[in-house]
Amino acid sequence: MDFSAKRILVVGASGVLGGEITRMLSRAGAQVLGTASSQESAAHIPSDAALRLVADLGSAESIKVLTDYLVANEQIDGIVVAAGRVGFGMAADTTAQQVAALTQVNFGGPAQLITELLPALRGREDAFIAAITGVVAEKSFPGMSAYCASKSAFSAWLGSLAFELRRDKIKVIDARPGHTETGLATRPLFGAAPQMPQGMTAEHVAGVVVAAIAAGTTVVASTDF
Ligand SMILES: NC(=O)c1ccc[n+]([C@@H]2O[C@H](COP(=O)([O-])OP(=O)(O)OC[C@H]3O[C@@H](n4cnc5c(N)ncnc54)[C@H](OP(=O)(O)O)[C@@H]3O)[C@@H](O)[C@H]2O)c1
């Protein structure tokens, strides 16, 4: 895909992976509309972005404000969901409220945002939806049941969406990288991270995601990183 003249929404452009993806897509000629969860963190969206926007994936109202604005005012050729949080703790010690909060940010919020933006994507040439779910969508790990469940749910939802959007020619890309050195584990919604092995670099992971979008690859398995 030729990214020039494409307008791409990067959800989580204020994060490490989202920021790298924003820079790479911008260098490839795309105009990136980047989002953060708050006005304060929007300062972390790379200056390469054409527009800085705010939406809290924890809030259905906040998402609706953003999607209403985008559908009414912007051309959207693609969406990259690079936003999410992690949560740690044994399943037996994790509360229903913690599970619900993590699931909202990692699955419910992104799914709402994508659904509400489908009218903007329909009819655009080479339209795509790409999301970074993670290796936890392929395999469960101890001490992070809520994270594994929320990402598996999002991945399963994307799989159904991929079938449903075939007729509209909208590509759905599910990228499932393993541990990456972004500091995500130091910013958990709850719990504390266990010792982690050395992860991949953010540049490498972002590069594989952008290459998959360009190639139209639908599933980027953990072993592809
Ligand atoms: N790092 C890894 O090892 C790894 C591996 C596999 C998959 N992933 C996934 O990759 C994605 C990006 O993670 P990262 O490693 O780049 O971490 P990061 O640097 O902490 O980035 C997280 C991003 O998510 C956004 N976000 C968090 N809560 C949000 C909310 N309530 N509403 C809107 N945006 C919110 C953050 O926005 P603000 O900063 O504006 O709050 C930030 O842009 C996540 O979905 C993560 O699960 C990461």
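What counts, and at which threshold
Residues numbered from 1 in each chain as written. Predicted model: local features only at pLDDT ≥ 70, side-chain atom pairs only at ≥ 80, totals over all residues. Heavy atoms only, no water. Phe/Tyr/Trp six-rings, centres within 6.5 Å; stacked < 30°, edge-to-face > 60°. Helix = DSSP H or I, 4+ residues; strand = E, 2+ residues; numbered from the N terminus. Buried < 20%, exposed > 50% of the residue type's maximum accessible area, 1.4 Å probe, protein only. Near = heavy atom within 4 Å. Polar contact = N/O pair within 3.5 Å; in protein donor to acceptor, adjacent residues only side chain to side chain. Areas by Shrake-Rupley, 256 points an atom, 1.4 Å probe, with all protein chains shown as cover.

1. As for the packing of aromatic side chains
According to the stated counting rule, one finds three aromatic pairs in the structure shown. Between Phe107 and Phe154, the ring centres sit 6.3 Å apart and the planes meet at 40°, which makes this aromatic pair tilted. Linking Phe107 in helix H3 (residues 96-121) with Phe154 in helix H4 (residues 145-164), this pair joins segments that are 47 residues apart in sequence. An angle of 25° between the planes, with centres 6.2 Å apart, marks the rings of Phe154 and Trp157 as stacked. Taken together, the positions of Phe154 and Trp157, both in helix H4 and three residues apart, correspond to about one turn of that helix. Taking relative accessible area as the criterion, Trp157 reaches 22% and is therefore assigned partly exposed. Grouped by ring-pair contacts, the aromatic residues Phe107, Phe154 and Trp157 constitute a single cluster.

2. So, the site of the ligand
What surrounds the ligand is a group of 29 residues, the closest being Ser37, Ser41, Tyr147, Lys151 and Thr182. For the ligand, an oxygen atom lies 3.2 Å from a polar atom in the backbone of Gly12. Separating an oxygen atom of the ligand from a backbone N or O atom of Ala83 is a distance of 3.0 Å. Compared with its free state, where it exposes 890 Å², the ligand has 90% of that area covered by protein. Only helix H1 (16-27) and H4 provide two or more residues apiece to the shell around the ligand.

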